[in-house]
Amino acid sequence: HKGVTVTLAKVAPGGDKVVTGSSRSRVVLVWDAVSCRPLHKLVNRDSLMDIAITARGEIAVTDFGGRTKLWNAVSGRPLRSLGLHGEMAFGLRAFPQGHLLATYNRRTATIWNATSGELLHRLGTVGVVRHIAVAPGGDMLVTCDGHQATVWDAASGVKLRTLQGRP
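Conventions adopted
Residues numbered from 1 in each chain as written. Predicted model: local features only at pLDDT ≥ 70, side-chain atom pairs only at ≥ 80, totals over all residues. Heavy atoms only, no water. Phe/Tyr/Trp six-rings, centres within 6.5 Å; stacked < 30°, edge-to-face > 60°. Helix = DSSP H or I, 4+ residues; strand = E, 2+ residues; numbered from the N terminus. Buried < 20%, exposed > 50% of the residue type's maximum accessible area, 1.4 Å probe, protein only. Contact = heavy atoms within 4.5 Å. Core = buried A, V, L, I, M, F, W, Y, C linked by side-chain atoms within 4.5 Å.

Asker: How should I be thinking about the packing of aromatic side chains in this particular structure?
Answerer: For any two aromatic rings, the description comes down to two numbers: the centre-to-centre distance and the angle of the planes. What the rule picks out here adds up to one aromatic pair. Taken together, a centroid distance of 6.4 Å and an interplanar angle of 80° make the contact between Phe-90 and Tyr-104 edge-to-face. Separated by 14 residues along the polypeptide, Phe-90 in the loop between β8 (78–84) and β9 (91–94) and Tyr-104 in strand β10 (residues 100–104) bring together distant segments of the chain. The partly exposed category is assigned to Phe-90, whose relative accessible area is 22%. Classification of Tyr-104 as buried rests on a relative accessible area of 8%.

Asker: Honestly, the side chain of Thr-54 in this entry has me stumped. Any pointers?
Answerer: Locating Thr-54 in the fold gives a position in the loop between β5 (48–53) and β6 (58–63). Since its relative accessible area comes to 2%, Thr-54 is described here as buried. Ignoring any residue separated from it by four or fewer positions in sequence, one finds Thr-54 in contact with Pro-13, Ala-94, Gly-98 and Leu-101.

Asker: Mind showing me how you'd approach the nonpolar core here?
Answerer: Note on soluble globular proteins: their nonpolar side chains tend to be buried together. Residues Val-19, Val-28, Leu-42, Ile-51, Ile-53, Ile-59 and Val-61 are the most contacted members of the largest nonpolar core, which totals 13 residues. Of all the secondary-structure elements, those providing two or more residues to this core are β3 (27–32), β5 and β6. If you tally residues by element for this core, the top one is β5, at three residues. Setting aside chain neighbours within four positions, we find Val-61 in contact with Val-28, Asn-44, Leu-48, Asp-50, Ile-51, Arg-67, Thr-68, Lys-69, Trp-71 and Leu-92. One finds Ala-102, Leu-123, Trp-152 and Ala-154 within the second-largest nonpolar core, a separate group that totals twelve residues.

Spelled out as structure tokens, the structure:
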């Protein structure tokens, strides 16, 4: 990333790869974590919003054009796109099982089957979604909207509980 500030970085669950990018660029670099050598340069259509890497070795990228695209981290080839939110996705998180991916925008979080590209659940929230988190076991997704955090069952998309209050 010569001349570009790196603003995005993720480590593969196995620790063998590092993925870096910049919100001001369209380029994602896949690095070998041991040799520190670049393996692939992935060029996206629009500037990047967020990146993630799944347990299955797929790299997911959201961009300012509203797309979420998956790439193969081993070959560097594009795999599939995950439809549009209707507005750009602000970020994404990979689930530890490797086949699920969550994206979010202003009003919704969406759980996808990253293998098939199928939209599994669209989770509506009360306020503007500011962050999402995946439980270490991959069974829950948490959305935060500034006033509350909502815990969702990842398999069914059912709201489990709402956490309110100030720290």
